[in-house]
Amino acid sequence: MIDREDGITKLNIIRADQKNFTYTAISAEVEKALELEGLYKFAKGFLPTLLLSKNAIRYYADIAGQYAASRLRRLDKPQQWLHGLCFIYYRYQQIMDNLITSFMYHTRAITVDAKAYAKKAAGEYHSGLVVDLPKLAKFLKWFPSRKSGLDHDELNQAAYKILPEGQFPALAQFLQGSTFDTKASMREFYFKSSRSFALYLRPILLAVPFVFYKEDNDIMALIDLMKMHYGSGKGPSTFKLPQDIEDTLSKTQLPYLKKDSDDAQVDPHLFEFFVYHKMYRRLDKGLLCCNESVSYCDIDHDLISDALVDDVEKIANEFGYPKIPIYCDERLDAALMTLDSTWNRTTKRISDGENLAFNIKEMKTGEQQDWSLGYDSLDKLDDAFFRTLSQVEIPSIMMYIGDHIGMWRSFTHMKTRYNKKKTPIVLAINACILSDAFGIGIEKMAEMSDLNYNLMRSTHEDFMRIETLCAANDMVGNLIHSLPIFKLWNIMDDKMLADADGQKLATSESTIQSRYSKKYLGKSPGLSIYTLIANFVAANAKNIGLNEYEGHALYDVIQGNKTNINIDMVTGDNHSLNKLNFVILDSIDVDYVPSIKDIKDAANNLYSVKTTDNYTGIIRSQGVIDKNLIKSKKSGILRVLLSLLLQENTQSTIVRKLNSYARYTGLKKALIEYNSIFKSTHVLNLIDNMALRKAIRTARNRTEAYQQLQGLIRKIYRGIFKGKKIENNQISAHAVRLVANSIIAYNAIILNTVYERMLAAGTSQEIVDEFARISPIAWSHIAFTGKYNFRKSDGDINVDAMVNELEKHLKRYFWKVD
């Protein structure tokens, strides 16, 4: 893999991410899969014999994935083999993911186009009838009174002049009561699209080892038949469907698999897409799998073994979540008790007129009462305080924060042993962070600064990784958390309320994660940075594709938070909602309090402990929680919660599968039923508690402010994600977060110094509360552009002078002192 061949190594070819869904990209990915298949099977059997942990295998794979081939060639042979096998093990599974994603993409696209084709044909058919029916009437009037003595040809000529010959069959069907045959029209489209099947779908079918979750299923017989025929190099013209398989097909479906319904044999092209569409539906439901992939493996591979559930108490206590073992017992009873008391409190306060924000609308006699919620909000505080400060260049701020907390030590060399350069040159690290954050690349940064390209390139290769940037972000987050002012920013008195939301940003290079979104990015592809914000700090972030659902990643970003900021509550918009998030977040002691766009609509789907006839007011229950259903699936629920905790796969993958797959229907129903307890309680709390609604809105506003800063950093030089690999874009995203967090930390230090002076001076609580509304997310006093002189940006900022300037301005604003 690492030997030179015509100037490029196989390693560089194999580790390049699939760019898009074109024929060229898919063919290249298939070629990689076929080339690695034998080595993957060997690695899968051999690596467990080394007794390496999963993290160790991942570590060696990451080195091979990021090191230049020339550096790998300098290792001795056994080390080369170890790194190579670990890399192949993970890379092959990623390739399988990419191929199945491509299969789903093209199958869905062909199906959508076929429906559009049929819809257009149906429109033309019906519009033709409107035009042709008067011609039929004219023909019927003409025929009895036609001129006598016409021979056969003359009769035809006269008749077809009134009503063309091709319109007779359609009118005859219409008169017989037959409607437009949509399936036949789609069949026509599939026949025309047969070239697409061969180019985009057939190579994937042959390269991916599909399996069904249980034995003896008809879909595997169809897949094996297709693989045996096309895998031996035969073409569609020689394809014959065996009678035993034809007998298993639906009698209503069979005519549509033939070019003409009375043909003896099925058409090979129509049958081929029939199989692909069948595979698509089963892949989507999680019934058809590929156990050599990450995202499409059988869900049983993502969940811990049933035997491990017996150790639930030991595992839960090790992780510090003692609630999990009693989740379907005492915890369930407590949740139901809370739901019942919330119903009683909410309905009583409405009927007693104590909920002043609950407005009942007067309706005409006989009509059902309508209601709405009032919102009390603070006026927006003028955010001009930081404009009075002297401008500081962004490299100096990064250097100041980095030196203040020793952030640079988090940038460790990729290879911890056998390297001479264990610590980075700080100036070069600063330049690399900013070049990735701005999205301009190190080449452009070298042109704009006083550092040379070679220094930045070697520094970037050795030290700029996802884990080093995340560690640096954690250090900055911990700095802000340690400041006394941090608690002053708490929205809830006794709990830390965070918010998670995604921001769509453009990419220039295509990767399989980059998708199109006309609504957000117009004609550009892009991705979403899903960020967790806690008291203005970006505590964690994750890149997701625009086709991925944000709510599936919420558990991920909370569990991946490594700062000292303990998240007690989390909110988000409607995109954060799914059928499981209330339950899975409660299991790790996080209250999920989403901002629900239409509370009134959500109130129409509330559940209760008591029967529905107990609620006769304006807010009513739609059903009773089935406690026995939840208890009957206790083992399965514990298995899911422990699997999420132990991270057998990424939490977003497990949550996505549980939300959308048809497997474990009973378990899924029990989880949704449990989820309804917390969701109903939350909606009732939103109706009853204006303070909660205000707190959620405040948290959402802070996220919006952060996203404005994040967007500004990207747009300074019209920077976009330029990574040719998904990992490069992840590095860039965490670099943006680090720059944003450093700006917030710089502002927080200034505000904290003012705050401590206010406390020392005995300033009134009223003024302190007003002061607390000043956001540290501000950038008017920061110079982002210009020629970067990193050698002079030593981080020597006179913070005391900044504090004095700000304090003087604040006194004029709050104390009205000249």
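Here the structure is a predicted model, which is why all the values come from computation and not from measurement. (Residues numbered from 1 in each chain as written. Predicted model: local features only at pLDDT ≥ 70, side-chain atom pairs only at ≥ 80, totals over all residues. Heavy atoms only, no water.)

Asker: What exactly am I supposed to notice about the packing of helix α8 (residues 182-192) against helix α12 (residues 268-284) here?
Answerer: Each pair of packed helices gets described by two things: the angle between the helix axes and the distance between those axes. Between α8 and α12, the least distance of the axes is 9 Å, while the angle of their chain directions is 105°. With respect to each other, α8 and α12 are oriented roughly perpendicular. Residue-level contacts link Arg-187, Tyr-190 and Phe-191 of α8 to His-269, Leu-270 and Phe-273 of α12. Of the residues assigned to the contact of α8 with α12, the class counts are four nonpolar, one polar and one charged. (Axes fitted to C-alpha atoms, helices over the stretch in contact; angles between N-to-C directions. Helix = DSSP H or I, 4+ residues; strand = E, 2+ residues; numbered from the N terminus. Parallel < 35°, antiparallel > 145°, perpendicular 65-115°, else oblique. Contact = heavy atoms within 4.5 Å. Nonpolar A, V, L, I, M, F, W, Y, C, P; charged D, E, K, R; others polar.)

Asker: I would appreciate a short explanation of the pattern of salt bridges in the present structure.
Answerer: A side chain of one charge can pair with a side chain of the opposite charge when the charged atoms of the two come close. Under the counting rule described, the total for this entry stands at 33 salt bridges. Between Asp-302 and Lys-657 there is a salt bridge, with its nearest N and O atoms 2.5 Å apart. Residue Asp-302 is found in helix α13 (residues 299-302), and its partner Lys-657 is found in helix α29 (residues 651-660); the two are separated by 355 residues along the sequence. Just as Asp-302 is buried, Lys-657 falls in that class too. Among the salt bridges present, the one from Asp-688 reaches Arg-349, with a minimum N-O distance of 2.5 Å. Note that Asp-688 is positioned in helix α30 (residues 665-688) and Arg-349 in helix α16 (residues 330-351), a separation of 339 residues in sequence. Overall, Asp-688 belongs to the buried group, its relative accessible area being 8%. Using a relative accessible area of 22% as the deciding quantity, one classes Arg-349 as partly exposed. Among the ionic contacts, a cluster of salt bridges with common partners joins Lys-323, Arg-331, Asp-586 and Asp-589. (Salt bridge = Lys/Arg side-chain N within 4 Å of Asp/Glu carboxyl O. Buried < 20%, exposed > 50% of the residue type's maximum accessible area, 1.4 Å probe, protein only.)

Asker: Just checking my understanding: could you explain the state of the cysteines for this structure?
Answerer: Note on terminology: a disulfide is the covalent bond linking the sulfur atoms of two cysteines. Under the definition given, this model contains zero disulfides. The thiol of Cys-290 is unpaired, and the distance to the nearest cysteine sulfur, on Cys-297, comes to 8.6 Å. (Disulfide = S-S within 2.5 Å.)

Asker: What's the story with the packing of aromatic side chains in this structure? I'm lost.
Answerer: For any pair of aromatic rings, the description rests on two quantities: the centre-to-centre distance and the angle between the ring planes. Per the stated rule, a full pass over the model turns up 24 aromatic pairs. Seen in terms of ring centroids, Phe-103 and Tyr-276 are 5.8 Å apart; in terms of plane orientation they differ by 85°. Their pairing is edge-to-face. Residue Phe-103 is found in helix α5 (residues 77-142), and its partner Tyr-276 is found in helix α12; the two are separated by 173 residues along the sequence. Looking at Tyr-276, the relative accessible area reads 0%, which means it is buried. An aromatic cluster is built from Tyr-117, Phe-189, Tyr-190, Phe-197 and Phe-273, whose rings are joined through pairwise contacts. (Phe/Tyr/Trp six-rings, centres within 6.5 Å; stacked < 30°, edge-to-face > 60°.)

Asker: What's the story with the nonpolar core in this structure? I'm lost.
Answerer: Counting 167 residues, the largest nonpolar core has Ile-394 and Phe-771 as its most contacted members. In terms of residues, this core owes the most to one element, helix α32 (residues 726-760), which gives 17 residues. Ignoring sequence-local partners within four residues, the contact set of Phe-771 consists of Ile-485, Leu-488, Leu-751, Val-754, Tyr-755, Met-758, Leu-810 and Phe-814. Counting residues in hydrophobic clusters, the runner-up holds 66 residues, among them Ile-63, Leu-72, Leu-201 and Leu-254. (Core = buried A, V, L, I, M, F, W, Y, C linked by side-chain atoms within 4.5 Å.)

Asker: Would you explain the packing of helix α9 (residues 194-207) against α12 in this entry?
Answerer: Look at α9 against α12: their axes get within 11 Å of each other, and the N-to-C directions meet at 50°. Classified by the angle between their axes, α9 and α12 sit oblique to one another. For the pair α9 and α12, the sense of crossing is left-handed. Two secondary-structure elements touch here, α9 through Ser-194, Phe-197, Leu-201, Arg-202 and Leu-205 and α12 through His-269, Glu-272, Phe-273, Tyr-276 and Met-279. The residue inventory of the contact of α9 with α12, partitioned by class, reads six nonpolar, two polar and two charged. (Left-handed = near helix turned anticlockwise from the far one by under 90°.)

Asker: Sorry if this is basic, but what is going on with unusual backbone geometry here?
Answerer: Outside of glycine, negative phi angles account for most residues, and trans bonds account for most peptide bonds. A positive phi angle, close to 60°, is found at Leu-51, a residue other than glycine. Here Leu-51 shows up in the loop between α2 (23-46) and α3 (54-66). Although it is not a glycine, Asp-589 adopts a positive phi angle of roughly 65°. Mapped onto the secondary structure, Asp-589 falls in the loop between α25 (581-586) and β13 (591-592).

Asker: In this structure, what is going on with α30? I would like to understand it.
Answerer: Residues spaced three or four apart along an α-helix point in a common direction, a consequence of the helix completing one turn every 3.6 residues. Taking 1.5 Å per residue as the helical rise, α30 with its 24 residues ought to reach 34 Å, and the 34 Å between its terminal C-alpha atoms agrees with that figure. For α30, a buried count of 18 out of 24 residues is recorded, marking the element as mostly surrounded by other parts of the structure. (Expected span 1.5 Å × (residues − 1).)

Asker: Sorry, what's going on with the environment of Asp-450 here?
Answerer: As for its placement among the helices and strands, Asp-450 is situated in the loop between α19 (441-448) and α20 (453-463). A relative accessible area of 23% places Asp-450 in the partly exposed class. A C-alpha to C-alpha distance of 34 Å links Asp-450 and Asn-752, two positions 302 residues apart in sequence. Excluding residues within four positions of it along the chain, Asp-450 makes contact with Tyr-788, Asn-789, Phe-790 and Arg-791. There is a polar contact of 2.9 Å between the side chain of Asp-450 and the backbone nitrogen of Phe-790. (Polar contact = N/O pair within 3.5 Å; in protein donor to acceptor, adjacent residues only side chain to side chain.)

Asker: How should I be thinking about the confidence of the model for the protein chain in this particular structure?
Answerer: Fine structural detail should not be taken from predicted coordinates in areas where pLDDT scores are low. Overall, the prediction assigns the protein chain a mean pLDDT of 87, with 93% of residues at 70 or greater. Mean pLDDT in the protein chain bottoms out at strand β1 (residues 4-5), which sits at 65, and peaks at strand β12 (residues 569-571), which reaches 97. (pLDDT = per-residue confidence, 0-100.)

Asker: Can you walk me through the environment of Leu-206 in this structure?
Answerer: Residue position: Leu-206 is located in helix α9. C-alpha separation for the pair Leu-206 and Thr-612, spaced 406 residues apart in sequence, amounts to 55 Å. Those residues in contact with Leu-206 that lie beyond four places of it in its chain are Met-226, Lys-227, Tyr-230 and Gly-231.

Asker: Looking at this model, I keep getting lost on a nonpolar patch on the surface. Mind explaining?
Answerer: Together, Phe-42, Phe-46 and Leu-50 line one region of the surface with nonpolar side chains, adding up to about 250 Å² of accessible area. Locating Phe-46 in the fold gives a position in helix α2. What makes Phe-46 partly exposed here is its relative accessible area of 31%. (Patch = residues over 30% accessible without salt bridge, like charges linked within 9 Å, V, L, I, M, F, W, Y side chains within 5 Å. Areas by Shrake-Rupley, 256 points an atom, 1.4 Å probe, with all protein chains shown as cover.)

Asker: Is there a simple way to think about the side chain of Ser-732 in this case?
Answerer: In this structure, Ser-732 sits in helix α32. Engagement of the side chain of Ser-732 in a polar contact is seen with the backbone oxygen of Asp-436, the distance being 2.7 Å. Setting aside its immediate chain neighbours within four residues, Ser-732 contacts Asp-436, Ala-437, Arg-714 and Phe-721.

Asker: What should I look at first to understand α9 in this one?
Answerer: Along its 14 residues, α9 runs 19 Å from first to last C-alpha, staying within 8% of the 20 Å computed at 1.5 Å per residue. Along α9, the sharpest change in direction is near 40° and occurs at Leu-201; proline Pro-203 comes one to four residues later. Residues of α9 that are buried include every one of Ser-194, Phe-197, Leu-201, Arg-202, Ile-204, Leu-205 and Ala-207, and no others. (Bend = angle between axes of the 7 residues up to and from the residue.)

Asker: Just checking my understanding: could you explain the side chain of His-460 for this structure?
Answerer: Positionally, His-460 belongs in helix α20. A polar atom in the side chain of His-460 sits 2.7 Å from the side chain of Asp-436. If we skip the residues at most four places from it in the chain, His-460 touches Cys-432, Asp-436 and Ile-442.

Asker: Would you explain the environment of Glu-393 in this entry?
Answerer: Residue position: Glu-393 is located in strand β7 (residues 392-393). Owing to a relative accessible area of 36%, Glu-393 belongs among the partly exposed residues under this scheme. Distance from Glu-393 to Phe-784, taken between C-alpha atoms, is 6.2 Å for residues 391 residues apart in sequence. Once you skip the residues sitting within four places of it in the chain, Glu-393 turns out to touch Ala-783 and Ser-793.

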